[in-house]
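This is what each chain is made of:
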Amino acid sequence: MRTSKNSIRVCVRGQTLSLVLPRIYCRSVKRIALGISDNPENRKFAELKAKQIEIDFLSGSFDTTLEKYRQKEPTPAPKAKLTLPEIYEKYVDSRRKNVSPTTWKGYQGHLRQFLVCPYNLLEEASKIRDWAVANKSTDTARRLLVQANAACEWAVDRGMLLTNPFKGSAVKIKSKKSKPKISLFTVEEKAAILQAFAESNKFGYMAPLIQFLFLTGCRTSEAIALQWKHTKSDCSSISFEEAIVFGVGGAVRKKGTKQSEAREFPCNSQLRVLLLSIKPENAIANTSVFLRPGGSPISRQDLRTAWYGKGKDEGVVKLLVRDGVLETYRPQYNTRHTFISQCLEAGIAPTQVAEWVGNSAEIIFRNYAGIINKKSVPEF
């Protein structure tokens with residue numbers, strides 16, 4: 001674009017616009033790079049810039065250094081500092097599809113704890129650690145810091161953070177709790193519990209489920225999820241392939257069990273007789289095996305109420321303890337421990353027991369080592 005020889009020209013250099021100032025302005029020809037692409041809108045902007053320079057020159061306010069007329073790089077807005085709750089929320093959202101509703105519920109609990117903490121910036125990691133140690137139990141503090149470390153490690157892997165400020169923060173926090181000793185029901189206690197349920201006017205409908213738990217050692221979530229489609233037509237075997245777990249929104253039926261997709265469980269004669277005795281003549285595949293008197297599935301809460309009690313009303317097992325039939329109270333999950341222990345005491349290989357109950361052999365060896373190692377050296 002050219003006018004008179006003393007006019008400022010707009011020209012293209014490379015792919016961007018520049019202004020060319022004649023000698024009258026600076027004693028030599030000067031070029032001001034505008035750093036903007038050549039298009040009609042930007043050309044109008046360049047022409048206005050040229051007019052501004054001409055007006056300044058005529059009015060005596062011309063900046064001979066030309067700094068006033070150069071395109072200033074916009075100062076980037078300071079990036080908002082990421083907080084631990086923000087990182088943790090992104091981390092758990094990335095895992096939502098791959099974890100059980102129970103685990104997801106736990107994540108939400110951790111997030112609430114991080115939101116309560118008065119410190120939340122990642123640069124305050126040491127203060128967050130000190131707050132957790134001072135205000136939470138040892139186990140809870142350690143659990144929170146383990147979660148914070150996992151979330152920040154995830155963020156580092158994705159380029160969101162340069163370093164993980166929580167790395168190693170949970171290492172020195174040792175749990176003060178000793179692992180509770182597994183307490184088993186004796187043969188006599190098991191018989192007393194089964195009899196009490198069978199004779200209970202209020203909870204007699206629970207008797208088959210209690211016997212089932214003792215005979216399979218399965219998890220509660222697996223037992224209450226069992227439907228007739230999961231059993232062979234002659235009840236010779238069971239497929240544990242679903243579980244009812246608790247998430248943020250309540251009870252949810254999910255595919256797979258805690259440790260695996262599914263597992264087959266062979267029924268012995270006792271278990272087969274039990275299942276056949278409660279199986280309807282025309283059993284519907286999607287009907288639950290264990291039902292309330294009204295026909296709806298037994299829930300975890302139903303089982304807890306029957307076993308332990310609710311409010312002032314004591315459950316069947318609590319009453320047995322009160323009456324001295326059982327020496328101490330043990331939760332319903334101990335039916336699983338009892339089954340595993342009895343199998344091991346009967347000489348069944350730990351690897352086989354692990355397969356039946358859906359655990360790893362490592363867990364069986366670690367948790368039941370006292371029973372496994374109790375065997376006498378054989379005579380040769």
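Structure shown above.
Parameters at a glance
Residues numbered from 1 in each chain as written. Predicted model: local features only at pLDDT ≥ 70, side-chain atom pairs only at ≥ 80, totals over all residues. Heavy atoms only, no water. Helix = DSSP H or I, 4+ residues; strand = E, 2+ residues; numbered from the N terminus. Buried < 20%, exposed > 50% of the residue type's maximum accessible area, 1.4 Å probe, protein only. Contact = heavy atoms within 4.5 Å. Areas by Shrake-Rupley, 256 points an atom, 1.4 Å probe, with all protein chains shown as cover. Axes fitted to C-alpha atoms, helices over the stretch in contact; angles between N-to-C directions. Parallel < 35°, antiparallel > 145°, perpendicular 65-115°, else oblique. Left-handed = near helix turned anticlockwise from the far one by under 90°. Nonpolar A, V, L, I, M, F, W, Y, C, P; charged D, E, K, R; others polar. Pairing = 2+ DSSP bridges. Salt bridge = Lys/Arg side-chain N within 4 Å of Asp/Glu carboxyl O.

Caption draft 1: View of the overall build of the chain. A tally of helices and strands in the chain yields 16 helices and nine strands. For the chain, the proportion of its 380 residues judged to be buried stands at 41%. When contacts within the chain are restricted to residue pairs at least 6 apart in sequence, those whose partners lie at least 24 apart make up 56%. Carbon and sulfur atoms provide 52% of the accessible area of the chain, an area that totals close to 22600 Å².

Caption draft 2: Summary view of the packing of helix α13 (residues 334-345) against helix α14 (residues 350-357). Contact geometry of α13 with α14 gives a least axis separation of 10 Å together with a crossing angle of 150°. Between α13 and α14, the interaxial angle falls into the category roughly antiparallel. Remark: the crossing between α13 and α14 carries right-handed chirality. Here α13 contributes Arg-336, Phe-339, Ile-340, Cys-343 and Leu-344 to the contact with α14, which in turn contributes Pro-350, Val-353, Trp-356 and Val-357. Here the contact of α13 with α14 is built from residues that sort into eight nonpolar, no polar and one charged.

Caption draft 3: Spatial organisation of the packing of helix α3 (residues 84-95) against helix α6 (residues 138-157). Running from amino to carboxyl end, α3 crosses α6 at an angle of 80°, the nearest separation of the two axes being 9 Å. Between α3 and α6, the interaxial angle falls into the category roughly perpendicular. Each of Leu-84, Ile-87, Tyr-88, Lys-90, Tyr-91 and Ser-94 in α3 lies in contact with α6, whose residues at this interface are Gln-147, Ala-148, Ala-150, Ala-151, Cys-152, Trp-154 and Ala-155. Its residues placed into classes, the contact of α3 with α6 shows 10 nonpolar, two polar and one charged.

Caption draft 4: Just the pairing of strand β2 (residues 16-21), in detail. With five of six residues buried, β2 lies mostly within the body of the structure. Relative to β2, strand β1 (residues 9-13) runs antiparallel, the two sharing five bridges. Pairing of Arg-13 across the sheet is with Thr-16, part of β2. Strand direction decides the pairing type here: β2 and strand β3 (residues 30-37), joined by five bridges, are antiparallel. Within β3, the position partnered with Ser-18 by the bridge is Ala-33.

Caption draft 5: Structural detail: the pattern of salt bridges. The final tally for this structure, using the stated rule, is 10 salt bridges. Close ionic contact of Glu-222 with Arg-263 constitutes a salt bridge, the shortest N to O distance being 2.7 Å. Here Arg-263 lies in strand β7 (residues 263-266) and Glu-222 lies in helix α9 (residues 220-225), a separation of 41 residues in the sequence. Both residues of the pair, Glu-222 and Arg-263, count as buried. Arg-292 serves as the salt-bridge partner of Asp-302, at 2.6 Å between the closest nitrogen and oxygen. Of this pair, Asp-302 sits in helix α11 (residues 300-307) while Arg-292 sits in the loop between α10 (269-278) and α11, placing them 10 residues apart in sequence.

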